[in-house]
Amino acid sequence: MRTSIATVSLSGSLTGKLDAAARAGFDGVEIFENDLLASPLTPEDIRDRCADLGLTIDLFQPMRDIEAVPEAEFARNLRRARHKFELMRRLGADTVLVCSSVSPQAVDDDALAAEQLSRLADLARESGVKVAYEALAWGRHVSTYDHAWRIVEAAGHPALGTCLDSFHILSRGSEPKDLEGIGAIPGEKIFFLQLADAPLLAMDVLQWSRHYRCFPGQGGFDVAGLVRHVLSTGYDGPLSLEVFNDVFRQADAGPTAVDARRSLLVLQETVGRAPLPDPVVPTGVAFAELVTSDAEPLSALLGSLGFTRTARHRGKPVALWEQGEARILVNTGPAVRRDVTQLAAIGLESPDPAAAARRAEALLAPVLPRRRAPEDAPLDAVAAPDGTELFFCATGRPGLPDWRADFEDTGPAPAPTGIRRIDHLALTQPWHHFDEAALFHRGVLGLHGQESVDVADPYGLLRSRAVTNADGSVRIALTVGAAPTDQSVQAQHIALATDDVIAAARRFREAGGRLLPVPANYYDDLAARFEFADGELETYRDLGILYDRDAHGVFRHCYTRTIGRVFFELVQRDDGYRGYGASNAPVRLAAQHGVRALTGG
Ligand SMILES: O=C(O)c1ccc(O)c(O)c1
Ligand SMILES: [Mg+2]
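Worth saying up front: this structure is predicted, and the values here are computed from it rather than measured.

A. Examining the overall build of the protein more closely. Looking only at helices and strands, one finds 18 helices and 24 strands in the protein. Across its three principal directions, the C-alpha atoms of the protein cover 90 × 60 × 40 Å. When contacts within the protein are restricted to residue pairs at least 6 apart in sequence, long-range pairs at least 24 apart make up 74% of them. As displayed, the protein offers around 24200 Å² of accessible surface, 50% of which is attributable to carbon and sulfur atoms.

Laid out in structure tokens, this is it:
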């Protein structure tokens, strides 16, 4: 299917928007009148530029407040339309969007609306233009798609059809049965289909539409369900994104256009219309790679956690540290983002690394060079939106490139200390890339998105959403802070799974490690909320262990101090607990702020 994007969805100048849309692979654009008015280019220049970029102009919009008005007013509207149709001729655009009137002059008279739209369509036809009539959710008299369609049907004019916009339809809380009417519209009378998602917010629908729309798959609407209804009519026009969003209005058009196109690819796959390679869901975490300019503090911390250095890279200053199945690479080489200790890469165990990379590439993920150096194993890797490198690994599987082969052993595996593996990785996202990151991890990696939760931090709200595979052996928690300057929102962490967090915490402390101190008030509150065995709470209090329960089981966890941007968590999940201790995050965040205030670090 052809894909299109409205220029209003992207930031910057009209030419910048067109370039970004073309580079992301869109077939066409909807030109917003305001973008054209503000552009120094003539309509002919814009037409030529689109042609050079391989973009069709699928829609010109919007024309407002046309129908169901007194005759004198309608005559003025026709005059206005004549000018716009001439402009469209110069632009080479053949479909105009007319949105339902919000004018106080408009009357509630479907017959009049049909008659005037029909006369508009007569004029349009003379200019070779088709009119697509759209119900705005806040239209004065016409606010539903079926009402707009009844008027179009009554007009019975070949140059008049309807435009369906998923936001206007789904923002009205449509039940599945309310969408069935879509299937009854003849496909050739649906002149255009605009797609947008939105987070489920209770607010004025106009404000919601103008500020909070997002790309399909990033909000709470069933956009794919609506598209299925539309496709069942035989509609064969473009899938076009029309997203009014304050964040996208400020963000770079290039990455936004890529995010937009990826969302459409995932949507097309959901409705069975995208030729994408199947997802290859990762089956485990092979390693987490930290970069640092000073390995000393990190080595000490890993040592206290029971990790030992077991191997080093043959060609680069990268050490492998292991404990159980948890593997941490410490890279002290000249990495791009080495200024502060941070998580730079994740190795994901993949059933078919090459196929995983093919899907990632089809979903517009930047593919990284397979060999960093001539002697390296050829590993498939892509960059996530936050820059984290994702390696698709086949650890110890004959016939496939193995990252482990690039390492030579330097010491034996450590004695087990009860740490089994990496439980999850928590990555903070730049605030304006959060939805993009969640969609990326779901679409590209085939992970499943869990509920989004908001967590209070002393200086703002953190949003958090985890993506996981089916058995929980890969869990990535994506978080973002409301306050972009707050240091806590920059932190990343590696959570290590243990079967006995008390023993692990004691061992860590005995080995010289320092756990994050937790205020006594927290334990007083725990005592009020839960019943504990004798001495249990005192043990938690002594060690700084936090406690949570969900419908499935119990979660106990504690934190190390932070080095650079990175800290570690020891976690014990019992009886199928699924969460990440979100209810404890405010206490953890406050404690981390407290430590920073004391140490100045
Ligand atoms: O917010 C608006 O006015 C507006 C304009 C044109 C559209 O296609 C639309 O969906 C909304
Ligand atoms: Mg619209």
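B. Local environment of the sheet that holds strand β14 (residues 380-383). Read from one edge of the open sheet, 8 strands run β14-β15-β13-β9-β12-β11-β10-β16, paired in mixed fashion. Both edges of this open sheet fall to β14 and β16 (407-409), since each of them pairs with a single strand only. For this sheet, the mean angle separating the axes of adjacent strands, direction not counted, is 30°. Relative to strand β11 (residues 318-323), strand β10 (residues 308-313) runs antiparallel, the two being bridged by 4 bridges. Paired with Arg 309 across the bridge in β11 is Trp 321. Docked against the sheet, helix α13 (residues 353-362) engages β14 and β15 (389-393), running at close to 145° with respect to β15.

C. Expanded view of the sheet that holds strand β7 (residues 190-195). Strand order in the closed barrel formed by 8 strands is β1-β2-β3-β4-β5-β6-β7-β8, with parallel pairing between adjacent strands. Within the sheet, the average angular offset between the axes of one strand and its neighbour, ignoring direction, is 30°. In this structure, strand β4 (residues 95-99) lies alongside strand β5 (residues 130-134), joined through 5 bridges in parallel fashion. Looking at β5, one finds that Leu 97 is bridged to Ala 132.

D. Representation of the packing of helix α16 (residues 520-529) against helix α17 (residues 536-543). Where α16 meets α17, the axes come as close as 10 Å, and the angle between the chain directions of the two elements is 160°. Taken as axis vectors, α16 and α17 run roughly antiparallel relative to one another. The crossing of α16 and α17 is right-handed. Along its contact with α16, which presents Ala 520, Tyr 523, Asp 524, Leu 526 and Ala 527, the element α17 presents Leu 537, Tyr 540 and Arg 541. For the contact of α16 with α17, the class distribution of residues is 6 nonpolar, no polar and 2 charged.

E. The nonpolar core, seen in detail. Judged by nonpolar contacts, the single largest core of 95 residues is most densely connected at Phe 85, Leu 120 and Leu 195. Once residues lying within four places of it in the same chain are set aside, the contact partners of Phe 85 are Met 63, Val 96, Leu 120, Leu 123, Ala 124, Ser 127 and Val 129. One finds Ala 288, Leu 301, Leu 363 and Phe 567 within the second-largest nonpolar core, a separate group that totals 79 residues.

F. Main features of the packing of helix α15 (residues 501-510) against α17. Relative to each other, α15 and α17 sit at 35°, their axes nearing to 11 Å. Where α15 crosses over α17, the two elements pack in a sense that is left-handed. For the pair α15 and α17, contact is made by Ile 502, Ala 505, Arg 506 and Arg 509 and by Thr 539, Tyr 540, Asp 542 and Leu 543, respectively. By residue class, the composition of the contact of α15 with α17 is 4 nonpolar, 1 polar and 3 charged.

G. Region of the structure containing the pattern of salt bridges. One pass over the full model with this rule turns up 31 salt bridges. With a shortest N-O distance of 3.3 Å, Asp 165 and Arg 213 are connected by a salt bridge. With Asp 165 in strand β6 (residues 160-165) and Arg 213 in the loop between α9 (205-212) and α10 (223-231), this residue pair connects regions lying 48 residues apart in the sequence. The pair Asp 165 / Arg 213 is uniform in exposure class, with both members buried. A single salt-bridge network, built from bridges that share partners, covers Glu 322, Glu 325, Arg 327, Arg 404 and Asp 409.

H. Focus on the UniProt feature "binding site: a divalent metal cation" (unreviewed entry) in the protein. Within this numbering scheme, the UniProt entry marks Glu 134, Asp 165, Gln 194 and Glu 242 as carrying the feature "binding site: a divalent metal cation" (unreviewed entry). The greatest C-alpha distance among the annotated residues, which extend across 109 residues, is 12.9 Å, indicating that they converge on a single site. If we ignore the near neighbours within four places in the chain, the residues touching Asp 165 are Glu 134, Gln 194, Arg 213 and Glu 242. There is a polar contact of 2.8 Å between the side chain of Asp 165 and the backbone nitrogen of Phe 167. Among the polar contacts listed, one links the side chain of Glu 242 to the side chain of Gln 61, at a separation of 2.6 Å.

I. How the structure looks around the site of ligand 1. Around ligand 1, a shell composed of 14 residues is seen, among which Arg 64, Asp 165, His 168, Arg 210 and Glu 242 lie nearest. Taking Arg 64, its side chain carries an N or O atom lying 2.7 Å from an oxygen atom of ligand 1. One nitrogen or oxygen atom from the side chain of Gln 194 is found 3.3 Å from an oxygen atom belonging to ligand 1. Contact with the protein chains hides 99% of the accessible area of ligand 1, taken as 290 Å² for the molecule alone. Along the lines of polarity and charge, the residues of the shell around ligand 1 split into 5 nonpolar, 3 polar and 6 charged.

J. Main features of a nonpolar patch on the surface. Together, Leu 201, Met 203 and Tyr 212 line one region of the surface with nonpolar side chains, adding up to about 240 Å² of accessible area. Structurally, the position occupied by Leu 201 is in the loop between β7 and α9. With relative accessibility at 33%, the residue Leu 201 sits in the partly exposed group.

K. Here's a closer look at the coordination of the magnesium ion (ligand 2). For the magnesium ion (ligand 2), the protein coordination sphere consists of Glu 134 (OE), Asp 165 (OD), Gln 194 (OE1) and Glu 242 (OE), at 2.1 to 2.2 Å. The sequence motif formed by the donor residues of the magnesium ion (ligand 2) is E-x30-D-x28-Q-x47-E. Here the residue Gln 194 occupies a position in strand β7, and Glu 242 occupies one in the loop between β8 (239-241) and α11 (253-270), the gap between them amounting to 48 residues. With respect to burial, Gln 194 and Glu 242 carry one shared label: buried.

Cut-offs applied
Residues numbered from 1 in each chain as written. Chains lettered and ligands numbered in written order. Predicted model: local features only at pLDDT ≥ 70, side-chain atom pairs only at ≥ 80, totals over all residues. Heavy atoms only, no water. Helix = DSSP H or I, 4+ residues; strand = E, 2+ residues; numbered from the N terminus. Contact = heavy atoms within 4.5 Å. Areas by Shrake-Rupley, 256 points an atom, 1.4 Å probe, with all protein chains shown as cover. Pairing = 2+ DSSP bridges. Axes fitted to C-alpha atoms, helices over the stretch in contact; angles between N-to-C directions. Parallel < 35°, antiparallel > 145°, perpendicular 65-115°, else oblique. Left-handed = near helix turned anticlockwise from the far one by under 90°. Nonpolar A, V, L, I, M, F, W, Y, C, P; charged D, E, K, R; others polar. Core = buried A, V, L, I, M, F, W, Y, C linked by side-chain atoms within 4.5 Å. Buried < 20%, exposed > 50% of the residue type's maximum accessible area, 1.4 Å probe, protein only. Salt bridge = Lys/Arg side-chain N within 4 Å of Asp/Glu carboxyl O. UniProt positions renumbered as here; feature names shortened; annotations may be inferred. Polar contact = N/O pair within 3.5 Å; in protein donor to acceptor, adjacent residues only side chain to side chain. Near = heavy atom within 4 Å. Patch = residues over 30% accessible without salt bridge, like charges linked within 9 Å, V, L, I, M, F, W, Y side chains within 5 Å. Donors = N, O, S within 2.8 Å, 3.2 Å for Na, K, Ca; no water.

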